[in-house]
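# A closer look at the structure
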Amino acid sequence: MMKVAPTALHRRHQLMVAVLVAALAAMLPLLIKDVYLQNILVLTLMYAALSQSWNILGGYCGQISLGHALYFGVGAYATALLFTKFGVLPWFGMAAGGAIAAVIALCLGYPCFRLRGHYFAIATIVIAETAYLLFLNWEWVGGATGIDIPIRQDSWMAFQFARSKLPYIYFALLFACVTWLVTFVLEDSKWGYWWRAVKDDPEAAESLGVVVFHSKMAAAAVSAFFTAIGGGFYAQFVAYIDPDSVMSFHFSLLMALPAVLGGIGTLWGPVLGAAVLIPLTELTRSYMGGSGRGIDLIVYGTLVMFIAVARPEGLIGLVARRRATGAN
Amino acid sequence: MLTLETIVQSLASGLLMGLLYGLIAVGLALIFGLMDVVNFAHGEFLMLAMYATFGLAVSLAVDPLLAAPLVAAASFVFGAVIYLGIVRFAMRAASNRGMVQIFATFGLAILLRGLAQFLFTPDYRSVQNSWLSGKSLAIYGVYLPAPQLAGALISIAAFAGLYLVINRTDFGRALEATREDAGAVALVGIDKNRIFAFGWGLGAALVGLAGAVMATFFYIYPDVGASFALIAYVTVALGGFGSVFGAFAAGIIVGLVEAITAMILPPALKYVGIYAVYLAVVFLRPRGLFGSL
């Protein structure tokens, strides 16, 4: 298969599509007035951003992390704890969470990036699970009961809105746009090329002068930073966090899933994956999960399995193929 | 208080549990060694076997000990069908095969959990009045519960059987050859898919056996597989992916470490010790204890 180098024209085209998609997404709240559907919109945008962040390390650099719940949890806890214990505004909390997560990613990357394949993936699971267990048993951070973020007046300063979901929608949209843009810029930078080289063949990359280790570390730090921002946002959005809702293993898979189903290591994969998967998850859960009989799980599991097997290159393959045949 | 007696008691329980962990994990190791696939639905195989044992005990009054071979046989068929019906297709992916396999089997895990919830409801079940339950053996004051003891003995027997199958039978040779070079094996007329299906069947049968034993002393519910699956992945990786006897040794280590951690730290943190040992081992030996890949 021949790979066409991303030309300037192609990239300008991508950027135009992105502006169009973002503008359409920004108009959605005008059409969607239902609070339940607005909720789904927030989650979809948030997962698009989270999966985009995961994609930087997992997709572009090829380091399959199944422990991103750790960074998400760090962001959520940093934001919630700084606010409830020290009265620090969530904006600073999110920034602090992002920075802490990036530092943790660098500290963990140092030993972990020597591991290959499944040994690496399992190490990421194990580290995230350890953090989950520690938070579950750590009284100061609320233990298993979690943290309630006290509701005050709606304001942008405290980033709290009890009456309207619109501010959350726009922040989530901005978050998705920023992660997309960061990926867009990185993709065409020196790092982007290094990451793909590391993913394809680390030995060959090393011999050509790519500093494999530093490439992985950079990807991990960027990825962890944005994942933690997402965690901070989520804490503000739901106003209550506990280890199960922000740090469980299931969550790490959910962050990777949109990228994998949409198209791993591609610019649009996470967005497409989230746009299909999240509404589907939420709708099946509320329309079929009510019985408590697991029908939602059956539908969801079958779907994930089916897409993974039928579209190994991701749903993006459907779009790309159509465009390719159209061009011919 | 920590006395010599309680320490010996904990270590003995840890050893018994460790042998069972080995039995749970070995199917995963076998499948991985054969075809580089990590089955993320492994815990759900265990869960289904526990329900099957429970079903036989409740509806036909078959004791779990008698049901074990039946459950293992049914698991074998189930595993082979999963390979032929799903995994075979996931293996065809030209690009990012690893992720496709992870999420194909992850989807399967969710599906099986949903099915269990649909068929059996999320209620916790347990097998009452089995031959083993409530009995125990005391050796020099060390108290060994009969279900765990039976599990440990079955695990040792299963590993011995597996050793014979791999080293002494035509199937074992074909298995070994396929894992070394699946392409060359096809040239000498061995059907790769049949070997893989057999491998999946065998892997599922082994975890099925573990499930039948565990049904005698563990609650049965749709999510029961999830916690054991994580232990199984860690066990397999600790032993070295693909190493069947690494899984045996690692299972024992995991069981002992869990018991020791539970003595030192609050019991809620008992898995932290296992995770720490895994990390320590792979940071020193990036391919696990016995991995040769």
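About the thresholds
Residues numbered from 1 in each chain as written. Chains lettered and ligands numbered in written order. Predicted model: local features only at pLDDT ≥ 70, side-chain atom pairs only at ≥ 80, totals over all residues. Helix = DSSP H or I, 4+ residues; strand = E, 2+ residues; numbered from the N terminus. Rg over C-alpha atoms; globule rule 2.2 N^0.38 Å. Buried ≥ 20, exposed ≤ 12 C-beta atoms within 10 Å, placed from the backbone. Contact = placed C-beta atoms within 7 Å. Nonpolar A, V, L, I, M, F, W, Y, C, P; charged D, E, K, R; others polar. Expected span 1.5 Å × (residues − 1). pLDDT = per-residue confidence, 0-100. Axes fitted to C-alpha atoms, helices over the stretch in contact; angles between N-to-C directions. Parallel < 35°, antiparallel > 145°, perpendicular 65-115°, else oblique. Left-handed = near helix turned anticlockwise from the far one by under 90°. Pairing = 2+ DSSP bridges. Core = buried A, V, L, I, M, F, W, Y, C linked by C-beta atoms within 7 Å.

This part takes up the overall build of chain B. Within chain B one finds eleven helices and two strands. Along chain B, helices (α) and strands (β) appear in the sequence α-α-α-α-β-β-α-α-α-α-α-α-α when read from the amino end. For 293 residues, the compact-globule formula gives about 19 Å, and the C-alpha radius of gyration of chain B, at 19 Å, lands near that figure. Along the first, second and third principal axes, the C-alpha set of chain B runs to 60 × 50 × 35 Å. When each of the 293 residues of chain B is scored for burial, the buried share is 55%. Of all intrachain contacts in chain B linking residues separated by at least 6 positions in sequence, the fraction that spans at least 24 positions is 77%.

Of regular secondary structure, chain A possesses 14 helices and two strands. Radius of gyration (C-alpha) of chain A: 20 Å, near the 20 Å computed for a compact globule of 328 residues. For the C-alpha atoms alone, the extent of chain A along its principal axes is close to 55 × 45 × 40 Å. In chain A, 76% of the contacts between residues at least 6 apart in sequence involve partners at least 24 apart.

The partner chain A presents 36 residues to the 41 residues of chain B that form the contact. Of all the elements in the fold, those that place two or more residues in the side of chain B that touches chain A are α3 (64-90), α4 (97-120), α9 (224-239) and α11 (270-284) of chain B. Of the residues belonging to the side of chain B that touches chain A, the class tally is 33 nonpolar, six polar and two charged.

Residues and elements named next belong to chain A. The terminal C-alpha atoms of helix α4 (residues 90-112) lie 31 Å apart, and with 23 residues this matches the ideal 33 Å at 1.5 Å per residue to within 8%. Burial in α4 covers these residues: Pro90, Gly93, Met94, Gly97, Gly98, Ala101, Ala102, Ala105, Leu108, Gly109 and Cys112. Buried residues along α4 sit against α3 (69-86), α5 (117-136) and α9 (212-238).

Quick look at the confidence of the model for chain B now. Residue and element names in this part refer to chain B. Residues of chain B with pLDDT of at least 70 account for 98%, and the chain-wide mean is 88. The weakest mean pLDDT in chain B belongs to helix α7 (residues 182-187) at 77; the strongest belongs to helix α2 (residues 42-60) at 94. Prediction confidence for the complex, expressed as pTM and ipTM, is 0.89 and 0.87 respectively.

Attention shifts here to the environment of valine 87 of chain B. Along the chain, valine 87 of chain B falls in helix α3. When near neighbours in sequence (up to four residues on either side) are disregarded, valine 87 of chain B contacts Val37, Ile82, Ala104 and Trp200 of chain B.

All names here are of chain B. Running from amino to carboxyl end, α2 crosses α4 at an angle of 20°, the nearest separation of the two axes being 10 Å. In terms of their interaxial angle, α2 and α4 are classed as roughly parallel. For the pair α2 and α4, the crossing hand works out as left-handed. Contacts from Glu44, Met47, Leu48 and Tyr51 of α2 reach α4 at Ala109, Leu112, Arg113, Ala116 and Phe120. Considered class by class, the residues forming the contact of α2 with α4 number seven nonpolar, no polar and two charged.

Our focus in this paragraph is the pairing of strand β2 (residues 142-145) of chain B. Residues and elements named next belong to chain B. Relative to β2, strand β1 (residues 136-139) is paired through four bridges, and the arrangement is antiparallel. Directly across from alanine 138, in β2, lies its bridge partner tyrosine 143. Counting the residues in the hairpin turn of β1 and β2 gives two residues, including tyrosine 140, whose phi is positive at 50°.

Most peptide bonds take the trans form, and the phi angle of most residues other than glycine is negative. Residue and element names in this part refer to chain B. Phi angles above zero are rare outside glycine, and alanine 61 is one such case at about 55°. For alanine 61, the location among the structural elements is in the loop between α2 and α3. A positive phi angle, near 65°, is found at threonine 121, a position not held by glycine. As for its position among the elements, threonine 121 is in the loop between α4 and β1.

A word on the packing of α3 of chain B against helix α8 (residues 192-214) of chain B. Residues and elements named next belong to chain B. In the contact formed by α3 and α8, the axes pass within 6 Å of each other and the chain directions differ by 145°. The element α3 and its partner α8 pack so that their crossing is right-handed. The residue makeup of the contact of α3 with α8, split by class, is 24 nonpolar, seven polar and one charged.

So, about the nonpolar core. Ranked by internal contacts, the top residues of the largest apolar core, which has 218 residues, are Leu209 and Val234 of chain B. Looking at this core element by element, the count peaks at 16 residues for helix α1 (residues 4-35) of chain B.

Attention shifts here to helix α7 (residues 190-200) of chain A. Among all positions of α7 of chain A, only Trp194, Trp195, Ala197, Val198 and Lys199 of chain A are buried. Contacts made by the buried residues of α7 of chain A are with α2 (35-60), α8 (202-207) and α9 of chain A.

Before going further, it helps to spend a moment on the environment of phenylalanine 40 of chain B. Residues and elements named next belong to chain B. Locating phenylalanine 40 in the fold gives a position in the loop between α1 and α2. It is 8.7 Å that separates the C-alpha atoms of phenylalanine 40 and glycine 107, two residues lying 67 residues apart in sequence. Filtering out sequence-adjacent residues up to four positions away, phenylalanine 40 remains in contact with Ile102, Thr105, Phe106 and Ala109.

Quick look at the environment of glutamate 129 of chain A now. Looking at the element boundaries, glutamate 129 of chain A is found in helix α5. Each C-alpha atom, one on glutamate 129 of chain A and one on methionine 247 of chain A, is 7.9 Å from the other, the two residues being 118 residues apart in sequence. Every residue in contact with glutamate 129 of chain A, bar those within four places of it in the chain, is listed here: Phe249 of chain A together with Leu230 and Tyr275 of chain B.

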